[in-house]
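# Geometric and topological summary
Residue strings, one per chain:
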Amino acid sequence: MSTGYGIDMGTGNLKIYSSADGSITNEKNTIAIVNKDQMYAYGDEAYMMYEKAPETIVVSFPIINGVIADFDNMQTMLFELLESKLKARIKGSDIVIAVPTDITEVEKKAFYDMFVKNKNKARSVLLCEKPLADALGMGLDITLPTGVMVVDVGADTTEISVISLGGLVLSTLLPYGGNKLDDSIVTYLKRRFNLLIGQKTAMSLKEEIGSAMGGLGKSMTIVGRDVVSGLPIEMSVDSDVVYDGMKDDLENISQNIRMLLERVPPELAKDIVASGIYLTGGSSRIRGFSDFITNVTNIRVNVCENGEESVARGLGAVLSDEKYRRFGYSMKSRIFS
Ligand SMILES: Nc1ncnc2c1ncn2[C@@H]1O[C@H](COP(=O)(O)OP(=O)(O)OP(=O)(O)O)[C@@H](O)[C@H]1O
Ligand SMILES: [Mg+2]
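Residues numbered from 1 in each chain as written. Chains lettered and ligands numbered in written order. Predicted model: local features only at pLDDT ≥ 70, side-chain atom pairs only at ≥ 80, totals over all residues.

Close contacts around ligand 1 come from 22 residues, with Gly10, Gly12, Gly154, Gly178 and Gly282 the closest. Going through the elements one at a time, helix H5 (178-193) and helix H6 (199-209) are the ones with two or more residues in the shell around ligand 1. The residue makeup of the shell around ligand 1, split by class, is 3 nonpolar, 14 polar and 5 charged. (Near = placed C-beta within 6 Å. Helix = DSSP H or I, 4+ residues; strand = E, 2+ residues; numbered from the N terminus. Nonpolar A, V, L, I, M, F, W, Y, C, P; charged D, E, K, R; others polar.)

Below, the structure written as structure tokens:
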């Protein structure tokens, strides 16, 4: 039997499901290049170098806003991870790749070409709409005539979708997610305290003491640069400050969910009200985010456990469960034959 790999190329993290042992590998989707074209490091190791590398080493993220921005580096890193780290034999294996729904066919084709334009030919290469994989990864049976709303808040995208009878009724892809929250924390600390911090520090603040509700009462000591004196200083930051920095973005995401809800046909809306909204993606871990969304939409929110991996888990279901196989489709049968 051939091995199957389910690939979720996220803006922040690359997740790979392997059918050999049912495992999911999760690495930062980052590559470090030296001398303009040689790979120096990739994944978590390359991410450690981000914001710390000298000019000769360029650390970059090959996926931007959910689509491939740097094809060659994405391909280099993906095959390095598959073949060197996971010891995958691409030749003869089955591949399913998750793609955002609300992007162009040309952008989807780039994901497909990642494997098709390679000397080691896979046995089959299929694409799967990301919201469907998300729902399968959350254990939902999407083949039923029941409306399901899935919200995946990742690193650089937020995908809001409504599914029924195994198909997408509505889907919208917002070009921001957790990274935007980090940016907003950086901007807020600069404006309020004249303190300049790096993206990684902002991300730690968000993950360690961030919350979508005020009054958490936690604090964290960080180091930044005082904009006035130009010197590095240490400062204790309160969770309410992080909340103040993030709240406009959280409101924006929640309002977009509300706007999509307003377009849902009434019979499906009834189902969504009954079962609640399903929230996933790494940023679904923000404390109190589900309550924040409920306050805006008036609908209960179910938070997925291990949200970063729901897409990869769903791709696993497409690869291994005959019932869900049809959710993988070939690009060959579309306009680019
Ligand atoms: N405990 C946490 N609290 C808040 N945010 C978190 C937490 N853990 C992870 N995140 C955020 O989740 C995001 C990564 O999630 P995920 O892996 O789902 O994104 P992605 O799939 O790479 O991106 P995208 O789907 O947008 O292309 C990052 O922005 C990260 O900061
Ligand atoms: Mg994602």
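Another aspect to go through is the sheet that holds strand E16 (residues 232-238). Within a sheet, adjacent strands bond to each other through the backbone by hydrogen bonds, running parallel or antiparallel. Read from one edge of the open sheet, 3 strands run E14-E15-E16, paired in antiparallel fashion. The open sheet has two edge strands with one neighbour each: strand E14 (195-196) and E16. Contacts from helix H7 (residues 239-261) reach strand E15 (219-226) and E16 within the one sheet, and its direction differs from that of E16 by about 85°. (Pairing = 2+ DSSP bridges. Contact = placed C-beta atoms within 7 Å. Axes fitted to C-alpha atoms, helices over the stretch in contact; angles between N-to-C directions.)

This paragraph deals with the sheet that holds strand E4 (residues 31-34). The 3 strands are arranged E5-E4-E6 in an open sheet whose pairing can be described as antiparallel. Only two strands of the sheet have a single partner each, and these edge strands are strand E5 (38-42) and strand E6 (57-60). Across this sheet, the average inter-strand angle for adjacent strands is 30°, counted without regard to direction. Strand direction decides the pairing type here: E4 and E6, joined by 4 bridges, are antiparallel.

This next bit is on the environment of alanine 155. Tracing the backbone shows alanine 155 in the loop between strand E11 (148-153) and strand E12 (158-164). With 89 residues separating them along the chain, alanine 155 and glycine 66 place their C-alpha atoms 9.0 Å apart. Contact partners of alanine 155, with chain neighbours within four places excluded, come to Gly10, Thr11, Gly12, Gly177, Gly178, Asn179 and Gly282.

Right, let's get into the environment of serine 330. With respect to the helices, strands and loops of the structure, serine 330 is situated in the segment after helix H10 (310-320). Expressed as a C-alpha distance, the spacing of serine 330 and serine 320, which sit 10 residues apart in the sequence, is 17 Å.

With that out of the way, let us pick up the domain arrangement of the chain. Split by domain assignment, the chain resolves into domain 1 (4-133 + 310-333), domain 2 (140-176 + 247-309) and domain 3 (182-241). Taken together, the contact pairs 9 residues of domain 2 with 6 residues of domain 3. Elements with a contribution of two residues or more to the side of domain 2 that touches domain 3: H7 and helix H9 (289-297). Residues that form the side of domain 2 that touches domain 3 fall into these classes: 4 nonpolar, 1 polar and 4 charged. (Domains from an automatic or database assignment.)

Let us now look at unusual backbone geometry. Look at lysine 87: it is not a glycine, yet its phi comes out positive at around 55°. Accessibility expressed as a C-beta count within 10 Å gives 9 for lysine 87, which makes it exposed. Non-glycine residue asparagine 306 carries a positive phi angle of around 55°. By the secondary structure assignment, asparagine 306 is in the loop between strand E18 (301-303) and H10. (Buried ≥ 20, exposed ≤ 12 C-beta atoms within 10 Å, placed from the backbone.)

With 6 of 6 residues buried, E11 is to be regarded as a mostly interior element. Of the two faces of E11, the one lined by Val148, Val150 and Asp152 and the one lined by Met149, Val151 and Val153 are each fully buried. Here E11 pairs with E12 via 6 bridges, running antiparallel. Note that in E12 the partner of valine 153 across the bridge is threonine 158. Where E11 hands over to E12, the hairpin turn is made up of 4 residues, counted between the paired strands. Relative to strand E17 (residues 277-280), E11 runs parallel, the two sharing 3 bridges. Residue pairing for E17: valine 151 is matched across the bridge by leucine 279.

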